[in-house]
Amino acid sequence: MPPVKPMPELDKQNGITLGRILGRGNVGEAEEGSDGVMRATIRIPEDELVYDPGVLIVPHGGVIELELINDDKNTHCAVLPSNGDTQFIWLVNHSKGTATLELDGPGYYWYGSTTGNDEGRGLTGAIVVGGEVPPEAKLDRPPQPRP
Amino acid sequence: MATEYVDAGTAIPYAALSASVGKAPPVAKGVNYDRILNARSEPQNWLTYYGAYDGQRYSPLDQINAGNVDKLVPQWVFQAGNLGLRSGATTYAWEASPLIVDGIMYVSGWDGQCWAVDAANGNELWRYRHASPFDVSLCCGNVNRGVAVADGKVFMTTLNAHVIALDAETGKKVWDQPYGDVRAGESATVAPLIVKDMVIVGSSGGEFGSRGHTDAFKLETGERVWRCYMIPKPGEPGSETWPDDGEAWQRGGANCWITPTYDPDLNLLYYGTGNPCPDFDGGVREGDNLFTDSGVAVDADTGEIKAHFQYTPHDLWDYDSVMEHLLFDLDGQKMAAHFDKNGFMYILDRTDMSCIRAAPFVDRIDWGEVDEKGNVTPLVFPDAEGDPVHFWPGPAGAKEWTHACYNPNTELLYVPVQDVGATATRRRREFKESIPYWGAGVAVDGEDQTGYVSAYDPRTGQERWRWENEHCMCSSLLTTGGNLVLGGEPTGEFNAWNAETGDQLWSFQCGSGHHSSPSTYSVDGKQYIVAPSGWGGWAEGFLPKMLGSSHGSALFAFALPD
């Protein structure tokens, strides 16, 4: 089997691909406050067309407060999953805002920027919610093997 | 460049960037058990999943009738659309049955969506979207079959196996109760049913080796009232039909992913249960495997199983029996009619679930023989590892989950039929939570398929008429006091037939196939027929020839011209 190459040309716009391939980027973790709310900051670095971290891990379902910072010289947005309705924030160049989300766990969710210049070219992030369902939602059976 | 960031504010709900009103009239406050019990006495509404507890999918409305249905025209269209990456991205379908309460429509879509819509003009009043994990294990696509309404709330299930209550005026969540384990391959697609002060739901996940169950929760708070498992534990009644030295019962299946019907006099809920797991590999689960592939009567107050009839003991063909049990009284007898995936129609005595008669309703059946009392002799089935075996009907069934109907005026049952086979090749695999557990490779026939709508006499089991179609018929049927049967085709046409003769009277091309349950209602004296159009789901399982068809996402409301 040939060695795995890092292929940095995938991690940029107009490298191998036209845009930046979806789902690439750094991994970060939200911090849980004493109030039970999970918080994280997500930035959009200049000319990278990526949310950073691209994959945000939160320990369990609940309320998540995001600080969203656009450090880019172009305008973007974030269309974020949340119970109730999708949440939308417009992020002009060099702007900062917040989003409060309610997400169940376990499972993961995609979000992205739907501005006309962005879609398909990058700026797609994931929120990964860990944990288990509460005991009352589990099946009454002995523990089963998992992959 | 300024060093201070521009204030982008706080993210807002997407609906705020639309014409959605954000509020609906308080019509749902008055919906209670008594009104649902007598739902057919207010035919302007469609108050519960089947229109009434008996599951007949019959409306006495007759403004639109066999004499004028050819003049039917669209009044409005509600478009759901799509946004971003979502669960089951290519498997979504619009499978719901819209409910209507005093001019307001409540309808669910795929991916956790629910709307309140003005039933007279199609304007969106509010929307709710439950965020659905992208990676939830979906048994048969990204679908939801509808909502329930009572006590000022709208109830729905979510892909990640929650049951939620929404404020019917605002669409805001009131309570949220998880009742399934997504790590165990469970999900939820069922339309809830209101009985007394409870909301009743069931589990999906029949291809993932779960242990099927139905659950009841209090309307007001979401507090659990009972849970009923459809696979007994060792020592419980029915456990003798599972290997006593193994783990098969723990992964046995029998999910309840279709809404039960309900007889208030007997206080019994009538469930159809799903396939056993693994679907096609019976060698790891010797025995009849109760209560898989069964009609099961459950006490509505306690969740206790009172009686059952098993349609396909020791299933090796994926013949779920989840589809409805239509309740009606005929010649003084309390009956339940059930059209099974296995190709046979059953008329049961619903007081004890004994079989009155069984008869075939599809032309091609070779998996086995079923006598008139429902006794089964298997003939063709996957047995040896790696040997392909072809059988009719395929795992889609001669009738899928989509519903039959019964018209008390004609005293006939109407059924959408799929005449298609499949080849299964047994491939044993070990069980792991959340991984599909079929025990075979399966390919449903592509070209060699056909379908029809048939009318059956429940007294004799004889077919009265048949309307033949080029493709399998995969939409629920609706019948009315206007001597009509209505339903959609996989190719997008929505049709009306004469209930007595089967003559096709009208058709309208909706642009995407029908895999849903149409409803009817009236507003200010004007009758409407509403049909969700949105092809998809597990089409590779029931009509692979149409897998490439346009998905669509539109809700059509038809009426006569003013």
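Quantities reported herein were computed from a predicted structural model and do not represent experimental measurements.

K.L.:
Kindly report on the overall build of chain A, identifying the contributing residues and their values.
P.N.:
Within chain A, the secondary structure is distributed over zero helices and ten strands. Overall, chain A shows an N-to-C arrangement of helices and strands of β-β-β-β-β-β-β-β-β-β. In terms of its C-alpha atoms, chain A occupies a principal-axis envelope of roughly 50 × 45 × 25 Å. Burial statistics for chain A: of 147 residues in total, 38% are counted as buried.

K.L.:
I'd like a rundown of the overall build of chain B, residues and numbers included.
P.N.:
The secondary structure content of chain B amounts to two helices and 38 strands. In terms of C-alpha radius of gyration, chain B reaches 22 Å, essentially the compact-globule figure of 24 Å for 562 residues. Structurally, chain B occupies a C-alpha span of about 70 × 70 × 45 Å along its principal axes. When burial is assessed residue by residue, chain B has 61% of its 562 residues classed as buried. For chain B, contacts bridging at least 24 residues in sequence account for 63% of all contacts bridging at least 6.

K.L.:
Got a sec to walk through the pairing of strand β16 (residues 224–229) of chain B? Specific residues and values, please.
P.N.:
Residue and element names in this part refer to chain B. Summarising the sheet, strand β15 (residues 213–218) and β16 pair through five bridges and their orientation is antiparallel. Bridge pairing links Asp215 to Arg227 in β16. Counting the residues between successive antiparallel strands, the hairpin from β15 to β16 contains five residues, one of them, Gly222, with a positive phi of roughly 85°.

K.L.:
Explain the interface of chain B and chain A residue by residue, including any values.
P.N.:
Taken together, the contact between chain B and chain A spans 47 residues of the former and 44 residues of the latter. Here the side of chain B that touches chain A takes five residues from strand β1 (residues 6–10) of chain B, the largest share from any one element. When grouped by side-chain class, the residues that make up the side of chain B that touches chain A number 26 nonpolar, nine polar and twelve charged. Where strand β7 (residues 87–91) of chain A meets strand β2 (residues 12–13) of chain B, two bridges bridge the pair, whose relative direction is antiparallel. What sits directly across from Phe88 of chain A, in β2 of chain B, is Ile12 of chain B.

K.L.:
Describe in detail the sheet that holds strand β10 (residues 153–157) of chain B, supporting the description with residues and values.
P.N.:
Residue and element names in this part refer to chain B. As summarised here, the arrangement of the four strands in space is β9-β10-β11-β12, forming an open sheet in which the pairing is antiparallel. Two strands close off the open sheet at either side, each with one partner strand: β9 (148–150) and β12 (173–178). Strand-to-strand, the axes of this sheet are offset by a mean angle of 20°, without reference to chain direction. Note that β9 and β10 share three bridges and pair antiparallel. Among the inter-strand pairings, Ala148 is bridged to a residue of β10, identified as Phe155.

K.L.:
So, the sheet that holds strand β34 (residues 493–498) of chain B: which residues are in play, and what are the values?
P.N.:
Residues and elements named next belong to chain B. Read from one edge to the other, the open sheet built from five strands follows the order β3-β32-β33-β34-β35, with strand pairing classed as mixed. The strands lining the two open edges of the sheet, one partner per strand, are β3 (58–59) and β35 (504–509). Bridge analysis of β3 against strand β32 (residues 478–480) gives two bridges, and the strand direction is parallel. Residue Tyr58 lies in a different strand from β32, and its bridge partner there is Thr479.

K.L.:
If you had to explain the nonpolar core to someone new, which residues and values would you point to?
P.N.:
Judged by nonpolar contacts, the single largest core of 182 residues is most densely connected at Val147, Ala148, Val149, Val154, Val199 and Tyr414 of chain B. Not counting residues up to four positions away in its chain, the partners in contact with Tyr414 of chain B are Ala404, Cys405, Val453, Ala455, Leu477, Thr479 and Val485 of chain B. Ranked by size, the runner-up nonpolar core spans 32 residues in total, among them Met38, Val58, Leu66 and Leu80 of chain A.

K.L.:
Just give me the short version of the pairing of strand β6 (residues 76–80) of chain A, but keep the residues and values in it.
P.N.:
Residues and elements named next belong to chain A. Most of β6 sits out of view: four of its five residues are buried. Here β6 runs beside β7; their pairing, made up of five bridges, is antiparallel. Bridge pairing in β7 links His76 to Leu91.

K.L.:
Go over the environment of Gly446 of chain B, please, and point to the residues and values.
P.N.:
Residues and elements named next belong to chain B. Tracing the backbone through its elements, the reader meets Gly446 in strand β30 (residues 440–457). C-alpha of Gly446 to C-alpha of Ser187: the two residues are 259 residues apart in sequence and 29 Å apart in space. Excluding anything up to four places from it in sequence, Gly446 contacts Pro544 and Lys545.

K.L.:
Tell me about unusual backbone geometry, and please be specific about residues and values.
P.N.:
All names here are of chain B. Cis geometry marks the peptide bond from Cys277 to Pro278, where omega comes out at -5°. With an omega dihedral of -15°, the bond running from Trp392 to Pro393 counts as a cis peptide bond. Relative to the assigned elements, Pro393 resides in the loop between β27 (388–391) and β28 (405–407). One non-glycine residue with positive phi stands out, namely Asn267, at about 55°.

K.L.:
Hey, could you go over the confidence of the model for chain B for me, with residue numbers and the actual values?
P.N.:
Chain-level statistics for chain B give a pLDDT mean of 97 and a share of 100% at 70 or above. We note a pTM of 0.97 for the whole complex and an ipTM of 0.95 for its interfaces.

Cut-offs applied
Residues numbered from 1 in each chain as written. Chains lettered and ligands numbered in written order. Predicted model: local features only at pLDDT ≥ 70, side-chain atom pairs only at ≥ 80, totals over all residues. Helix = DSSP H or I, 4+ residues; strand = E, 2+ residues; numbered from the N terminus. Buried ≥ 20, exposed ≤ 12 C-beta atoms within 10 Å, placed from the backbone. Rg over C-alpha atoms; globule rule 2.2 N^0.38 Å. Contact = placed C-beta atoms within 7 Å. Pairing = 2+ DSSP bridges. Nonpolar A, V, L, I, M, F, W, Y, C, P; charged D, E, K, R; others polar. Axes fitted to C-alpha atoms, helices over the stretch in contact; angles between N-to-C directions. Core = buried A, V, L, I, M, F, W, Y, C linked by C-beta atoms within 7 Å. pLDDT = per-residue confidence, 0-100.

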